[in-house]
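Given next are the chains, with one letter for each unit.
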Amino acid sequence: MYHDKKQINKQFRIIIFIMIICCFLGCNARKKDFSQIEEEDRIIVGFSQIGAESAWRTCNTRSVQNAAADQGVQLVYDNAEQKQENQIKALRSFIAYQVDVIVFVPIVTDGWDNVLQEARDAGIPVLVTDRKIDVVDQSLYAGFIGTDSLKEGRNAGLFVLDKFENKLERSENTEEYINIVELFGTEGSSVALGRAEGFREVLNAHPNYRIIYSKSGDFLRSKGYELAVEFLDMYEDIDVIFSHNDGMTLGVIEAMEEKGLLPGTDIVIVTIDAQQAAIDALREGKVNCVIECNPKTGPEIIKLAQKLAAGEQIPRLQYVHEEVFYETDELSLIEPRGY
Ligand code: AHR
């Protein structure tokens, strides 16, 4: 009898112990569930960046990362290291991961139809930024936000016309030409194509302006330098260098100075981006016109991504505000650029 009682007591204690453990585990499990809900509430954005080829690009990446952190958006970031195939892989992994929104900077315009169709089949909206794409079905992406490269090219052309207008008017020689060298950005990229097109659109109506050399420096300072060594050897009479970005321009300045030439004086230089080093060069008279390409698009990108995640419509096309800085401006008023 006593033995039975002891046995019952023991069993009772075991049951109580198991209940306490279950209760403890249960509370913890609920706690875990709550934190999962909080995690699940956060929007997940897959962001495919093309690389880190320029100061502009690293600023652009930072801008998106900071904006995501500020807004509590979880950013899955991928650096494609300048390869379209890496970007396509990244987009596919975002689809497999079932992110809420995909944001990507297409390195070139073509070749996106299939992967974007896959994103659509998975129900994931896509925001294109900085560079544009060429797809058969325009509805494969929700919208674009970024730079107006055609306008940047036009602004470069207008500056060149303005700069040489008087010289040509004064000249008796109708055969006098303004010789232009163009440093092209990445081939097949919408920004390089737009800048080239806008520039030509303005100058084509003026037969005395001719482009004598145009090659891609891939938006890299090192290639800008290499190309400058080449074209400075090939031509003695260059009037203008139109460079699609500041990185390549800095390479050109270095090559010119090594040759004993004065950038901005011996040859007029027009450049795009407006990173701090180019503004400094403008102040020193080594560059004559700097056209801004605005990389600080992060806050607007994240706002649009949040709208897409909420199932809202966004504008098809959104250009960011950009300025032009001329050698004749009050240059001391330019605020620090931050890139
Ligand atoms: O797509 C924007 C361009 O890419 C910038 O002008 C250039 O600096 C960058 O690398």
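Basis of the calculations
- Residues numbered from 1 in each chain as written.
- Predicted model: local features only at pLDDT ≥ 70, side-chain atom pairs only at ≥ 80, totals over all residues.
- Heavy atoms only, no water.
- Phe/Tyr/Trp six-rings, centres within 6.5 Å; stacked < 30°, edge-to-face > 60°.
- Helix = DSSP H or I, 4+ residues; strand = E, 2+ residues; numbered from the N terminus.
- Buried < 20%, exposed > 50% of the residue type's maximum accessible area, 1.4 Å probe, protein only.
- Lys NZ or Arg CZ within 6 Å of the ring centre and 35° of its normal.
- Arc of directions from axis to C-beta.
- Contact = heavy atoms within 4.5 Å.
- Core = buried A, V, L, I, M, F, W, Y, C linked by side-chain atoms within 4.5 Å.
- Axes fitted to C-alpha atoms, helices over the stretch in contact; angles between N-to-C directions.
- Left-handed = near helix turned anticlockwise from the far one by under 90°.
- Nonpolar A, V, L, I, M, F, W, Y, C, P; charged D, E, K, R; others polar.
- Pairing = 2+ DSSP bridges.
- Near = heavy atom within 4 Å.
- Polar contact = N/O pair within 3.5 Å; in protein donor to acceptor, adjacent residues only side chain to side chain.
- Areas by Shrake-Rupley, 256 points an atom, 1.4 Å probe, with all protein chains shown as cover.
- Expected span 1.5 Å × (residues − 1).
- Salt bridge = Lys/Arg side-chain N within 4 Å of Asp/Glu carboxyl O.
- Right-handed = clockwise from strand over helix to strand, strands pointing away.

**Here we look at the packing of aromatic side chains**
Counted according to the given criterion, the structure contains seven aromatic pairs. Ring centres of Phe-199 and Phe-242 lie 4.2 Å apart, and the angle between their planes is 25 degrees; this geometry places the pair in the stacked category. Of the two residues, Phe-199 is situated in helix H6 (residues 190–203) and Phe-242 in strand S8 (residues 240–243); the sequence distance between them amounts to 43 residues. Accessibility classification places Phe-199 together with Phe-242 in one group, the buried group. Here the aromatic rings of Tyr-213 and Phe-231 are separated by 5.3 Å at their centres, their planes lie at 65 degrees, and the arrangement is edge-to-face. With a gap of 18 residues between them, Tyr-213 in strand S7 (residues 209–216) and Phe-231 in helix H7 (residues 221–234) connect regions that are remote in the sequence. We classify Phe-231 as buried; its relative accessible area is 0%. What links up through ring pairs into an aromatic cluster is the set Tyr-213, Phe-231 and Tyr-235. The side chain of Arg-316 reaches across the aromatic face of Tyr-141, ending 4.3 Å from its centre.

**A word on helix H4 (residues 113–121)**
What sets the pattern is the α-helix's 3.6 residues per turn: residues three or four places apart point alike. Burial in H4 covers these residues: Val-115, Leu-116 and Ala-119. Burial along H4 is one-sided: seen end-on, the buried residues are contained in an arc of 100 degrees. When the buried face of H4 is taken as reference, the exposed residues oriented beyond 90 degrees from it are Asn-114 and Asp-121. Looking at the buried residues of H4, the elements they touch are helix H3 (84–97), strand S3 (101–104) and strand S4 (126–130).

**Thoughts on the nonpolar core**
Counting 52 residues, the largest nonpolar core has Tyr-209, Phe-231, Leu-232, Val-240, Ile-241, Val-270 and Val-290 as its most contacted members. The dominant element in this core, judged by the number of residues it contributes, is helix H5 (residues 149–170), at six residues. Discounting chain neighbours no more than four positions away, the residues touching Val-240 are Val-160, Phe-164, Ile-178, Asn-179, Ile-180, Val-181, Ile-267, Val-268 and Val-270. Ranked by size, the runner-up nonpolar core spans 22 residues in total, among them Phe-47, Val-105, Ile-145 and Ile-302.

**A closer look at the packing of H5 against H6**
Contact geometry of H5 with H6 gives a least axis separation of 6 Å together with a crossing angle of 35 degrees. The handedness of the crossing between H5 and H6 is right-handed. Listed contacts from H6 to Ser-149, Leu-150, Glu-152, Gly-153, Arg-154, Ala-156, Gly-157, Leu-158, Val-160 and Leu-161 of H5 are Ser-190, Val-191, Gly-194, Arg-195, Glu-197, Gly-198, Phe-199, Glu-201, Val-202 and Leu-203. Each residue belonging to the contact of H5 with H6 can be placed in one class, and the counts come to nine nonpolar, six polar and five charged.

**Looking at the sheet that holds strand S1 (residues 44–49)**
With parallel pairing, six strands are arranged side by side in an open sheet as S2-S1-S3-S4-S5-S11. Two strands lie at the open edges of the sheet, namely strand S2 (74–79) and strand S11 (317–319), each paired on one side alone. Neighbour-to-neighbour, the strand axes of the sheet open up by a mean angle of 15 degrees, direction not taken into account. Judged from the six bridges that link them, S1 and S2 form a sheet pairing that is parallel. Its bridge partner lying in S2, Phe-47 is registered against Tyr-77.

**Some thoughts on the site of the ligand**
Around the ligand, the structure places Glu-53, Ser-54, Trp-56, Arg-57, Asp-130, Arg-131, Val-191, Arg-195, Phe-219, Asn-245 and Asp-273. Arg-195 places a polar side-chain atom, nitrogen or oxygen, 3.0 Å from an oxygen atom of the ligand. Within the side chain of Asp-273, an N or O atom sits 2.6 Å from an oxygen atom of the ligand. When the ligand sits alone it has 280 Å² of accessible area, and the protein chains cover 100% of it. Residue classes in the shell around the ligand are distributed as three nonpolar, two polar and six charged.

**Quick notes on H6**
Relative to the 20 Å expected for 14 residues at 1.5 Å per residue, H6 spans 20 Å between its end C-alpha atoms, a close match to the ideal helical length. With ten of 14 residues buried, H6 is to be regarded as a mostly interior element. Every buried residue of H6 is listed here: Ser-190, Val-191, Ala-192, Gly-194, Arg-195, Ala-196, Gly-198, Phe-199, Val-202 and Leu-203. Along its buried surface, H6 packs onto S4, H5, strand S6 (178–184), S7, S8 and strand S9 (268–273).

**What about the pattern of salt bridges?**
Following the criterion strictly, the structure yields 19 salt bridges and no others. We note a salt bridge from Glu-118 to Arg-92, for which the minimum N-O separation is 2.7 Å. Note that Glu-118 is positioned in helix H4 and Arg-92 in helix H3, a separation of 26 residues in sequence. Among the residues examined, Glu-118 registers a relative accessible area of 29% and is labelled partly exposed. A relative accessible area of 39% means that Arg-92 is categorised as partly exposed.

**Regarding the pairing of S1**
A regular strand places its side chains on the two faces of the sheet in alternate fashion. For S1, a buried count of six out of six residues is recorded, marking the element as mostly surrounded by other parts of the structure. Going residue by residue along S1, you find Ile-44, Gly-46 and Ser-48 tucked away on one face and Val-45, Phe-47 and Gln-49 tucked away on the opposite face as well. Crossover connection from S1 via helix H2 (residues 55–71) to parallel S2: handedness right-handed.

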